[in-house]
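Working through the structure, step by step
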Amino acid sequence: MPTLNRGFALTWLGHSTFRLVTRGARVVLLDPWVESNPACPRDQKAIDKLDVMAISHGHGDHMGDAVTLGKKHKPTVVCNYEIHLFLQRKGVPNTSPMNKGGTQEVAGLKFTMVHALHSSGIEDGGQVVYGGEPCGYVLALEDGTRIFHAGDTGIHAEMALIGELYSPEIALLPIGDLFTMSPREAAVAARMLKPKYIVPMHHGTFPALTGTPDMLREELKKLKVAAEVIALRPGEALT
Ligand code: NI
Ligand code: MN
């Protein structure tokens, strides 16, 4: 298991779902898609504690379990205003809405909502409900470590601003192509973000998501971007 010795554990549950256990033992789920996530290992599906859930956008592969887990564990749910309204209507108790450019502190962690280039409709009983704007998050942990979860996104020039303003040390970047950046765009994104480590996500879940961590390493090398690619396997943790 890759180790930074920072007192937190960031487990990739497959696709864009991560479980973060902080040094202060806070449990955070980023983009809750567990139950029907084909990449999530069976022995990782049971969630028995949850303090915070953060949602990047309204698509089922990012918030498929938000209602169930939100009702069961009553975590604080960080999301945009429209997803907050949707979850409230579904009986989720502790939503804490925000919008791009803002920061809020939840359970001792700081969440900054940043831009993503994508869509955010919520499928609900055969209808598509407006889900507001898609986003990414920069998380600042108790020890100051900053982690950027990009959500689903194409490349956009504001990644340079995210790099300048928040200097994320660890960037969780989608590389699968088709619905998000491919490794080529992700490498250029990394040039703007300047992270020390990249954890690739949104790849390998379905055959159509063709980007791989090795392709990302190739592209980074071509651009002489020094970031280290930490390719987790689903269920594996960066500790
Ligand atoms: Ni999406
Ligand atoms: Mn997606």
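Residues numbered from 1 in each chain as written. Chains lettered and ligands numbered in written order. Predicted model: local features only at pLDDT ≥ 70, side-chain atom pairs only at ≥ 80, totals over all residues. Heavy atoms only, no water.

What follows concerns the coordination of the manganese ion (ligand 2). Protein ligation of the manganese ion (ligand 2) involves Asp-61 (OD), His-62 (NE2), Asp-152 (OD) and His-202 (NE2), the donor distances falling in the range 2.1 to 2.3 Å. Taken in chain order, the donor set of the manganese ion (ligand 2) reads D-H-x89-D-x49-H. Here the manganese ion (ligand 2) and the nickel ion (ligand 1) are spaced 3.2 Å apart, and both take Asp-152 as a donor. With Asp-61 in helix α1 (residues 60-63) and Asp-152 in the loop between β12 (146-149) and α4 (159-166), the pair connects residues that are 91 residues apart, well separated along the chain. (Donors = N, O, S within 2.8 Å, 3.2 Å for Na, K, Ca; no water. Helix = DSSP H or I, 4+ residues; strand = E, 2+ residues; numbered from the N terminus.)

With that out of the way, let us pick up the coordination of the nickel ion (ligand 1). Six octahedral donors at a metal ideally form angles of 90 or 180 degrees, and four tetrahedral donors ideally form angles of 109.5 degrees. Listed as protein donors to the nickel ion (ligand 1) are His-57 (NE2), His-59 (ND1), His-118 (NE2) and Asp-152 (OD); their distances from the metal cover 2.2 to 2.3 Å. For the nickel ion (ligand 1), the four donor atoms in the first shell make angles of 88 to 178° at the metal, a pattern classed as irregular. Of note, the nickel ion (ligand 1) draws all its donor residues from one chain, in the sequence arrangement H-x1-H-x58-H-x33-D. By relative accessible area, which is 0% here, His-57 ends up buried. (Tetrahedral: all angles 85-135°; square planar, octahedral: opposite > 155°, others 65-115°. Buried < 20%, exposed > 50% of the residue type's maximum accessible area, 1.4 Å probe, protein only.)

So, about the sheet that holds strand β11 (residues 135-140). Consider a sheet: its strands pair through backbone hydrogen bonds, and that pairing is either parallel or antiparallel. Strand order in this open sheet of seven strands is β7-β8-β11-β12-β13-β14-β15, and the pairing throughout is mixed. Among the strands making up the open sheet, the edge pair consists of β7 (103-106) and β15 (228-229). As paired strands, β12 and strand β13 (residues 170-174) are joined by three bridges and run parallel to one another. Directly across from Phe-148, in β13, lies its bridge partner Ala-171. Strands in contact with α4 are β8 (109-115), β11 and β12; relative to β8, the strand with the most contacts, it is inclined by about 155°. (Pairing = 2+ DSSP bridges. Contact = heavy atoms within 4.5 Å. Axes fitted to C-alpha atoms, helices over the stretch in contact; angles between N-to-C directions.)

What follows deals with the side chain of His-203. On the secondary structure map, His-203 appears in the loop between β14 (197-201) and α6 (213-223). Apart from residues lying up to four places away in sequence, His-203 is in contact with Trp-12, Ile-175, Gly-176, Leu-209, Gly-211 and Pro-213.

Take the sheet that holds strand β1 (residues 9-12) next. With mixed pairing, seven strands are arranged side by side in an open sheet as β6-β5-β4-β3-β2-β1-β16. Whereas interior strands pair on both sides, the edge strands pair on one side only; in this sheet they are β6 (95-98) and β16 (237-238). In this structure, strand β5 (residues 76-80) lies alongside β6, joined through four bridges in parallel fashion. In the strand pairing of β6, Val-78 is matched with Ser-96. Sheet strands touched by helix α3 (residues 81-89): β5 and β6. Its angle to β5, the strand with the most contacts, is close to 130°.

What follows concerns the UniProt feature "domain: Metallo-beta-lactamase" (unreviewed entry) in the protein. This chain's UniProt record puts "domain: Metallo-beta-lactamase" (unreviewed entry) on residues 14-202. Taken end to end, residues 14-202 has its terminal C-alpha atoms 8 Å apart, with 21% of it in helix and 30% in strand. (UniProt positions renumbered as here; feature names shortened; annotations may be inferred.)

It is worth spelling out helix α2 (residues 66-73) at this point. Among the residues making up α2, those that are buried are Ala-66, Leu-69, Gly-70 and His-73. The buried residues of α2 all sit within an arc of 100° when viewed along its axis, so they share a single face. For α2, the exposed residues lying more than 90 degrees away from the buried face are Thr-68 and Lys-72. Check the buried side of α2 and you find it contacts β3 (27-30), β4 (52-54), α1 and α3. Lys-74 sits one or two positions beyond α2 and adopts a positive phi of about 50°. (Arc of directions from axis to C-beta.)

In this fold, Ser-96 is placed in strand β6. Ser-96 has contacts with Thr-76, Val-77, Val-78, Cys-79 and Gln-104, leaving out every residue within four places of it along the chain.

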